[in-house]
Amino acid sequence: MGLGYGYDPWGKRVFQVATGYGSDTGNNVYQTTVYFYGVAGQKLQTFHSALDGGGSYGRLLGTMLYELIHLSGFGGPTGPGQDTGLQAALGLKVNKNSTDNISKKLAKDCFKGVK
């Protein structure tokens, strides 16, 4: 298992990734933690995600971007920051019970070359 960290210019940890092998799936497994901070340096949110190697790192980045959009409050409580509004804004099928299409779309459009 490997462990890596990323820091901002002020020394705050903003990213952590642990890689390992999923004995049940036979794939590499990535467990990530991303730390979001406000402009005054206060920690706003910590986002955890796990991705089985059957997916891609680009897909993980798409999921993190999706969470960042939520954190930013984009569109307010009834605007496109909410799942169905975001689905509509991205030209996706709107389904409040399944929002996986949002992170897939963001990964495809924003992180096309990332494997």
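These figures come from a predicted structure and were not determined experimentally. (Residues numbered from 1 in each chain as written. Predicted model: local features only at pLDDT ≥ 70, side-chain atom pairs only at ≥ 80, totals over all residues. Heavy atoms only, no water.)

1. Things to note about the packing of aromatic side chains
Per the stated rule, a full pass over the model turns up one aromatic pair. Taken together, a centroid distance of 6.4 Å and an interplanar angle of 40° make the contact between Tyr-5 and Tyr-7 tilted. By relative accessible area, Tyr-5 is classed as partly exposed at 38%. Looking at Tyr-7, the relative accessible area reads 47%, which means it is partly exposed. (Phe/Tyr/Trp six-rings, centres within 6.5 Å; stacked < 30°, edge-to-face > 60°. Buried < 20%, exposed > 50% of the residue type's maximum accessible area, 1.4 Å probe, protein only.)

2. So, helix H1 (residues 57-72)
For an α-helix, the turn length of 3.6 residues means that residues three or four places apart are oriented alike. For H1, built from 16 residues, the straight-helix expectation of 22 Å at 1.5 Å per residue is met to within 8% by its first-to-last C-alpha distance of 23 Å. Positive backbone phi, at 75°, marks Gly-73, one or two positions downstream of H1. (Helix = DSSP H or I, 4+ residues; strand = E, 2+ residues; numbered from the N terminus. Expected span 1.5 Å × (residues − 1).)

3. Describing the pattern of salt bridges
All told, the structure shown has two salt bridges when counted by the stated rule. We note a salt bridge from Asp-100 to Lys-104, for which the minimum N-O separation is 3.4 Å. In this pair, Asp-100 and Lys-104 are both assigned in helix H3 (residues 100-110), four residues apart and thus about one turn of the helix distant. A relative accessible area of 34% means that Asp-100 is categorised as partly exposed. Between Lys-105 and Asp-109 there is a salt bridge; the shortest N-O distance is 3.0 Å. Linking Lys-105 with Asp-109, this pair stays in helix H3, spanning four residues, or about one helical turn. For Lys-105, a relative accessible area of 25% gives the class partly exposed. A residue is classified by how much of its surface remains accessible, and Asp-109, at 43% relative accessible area, is partly exposed. (Salt bridge = Lys/Arg side-chain N within 4 Å of Asp/Glu carboxyl O.)

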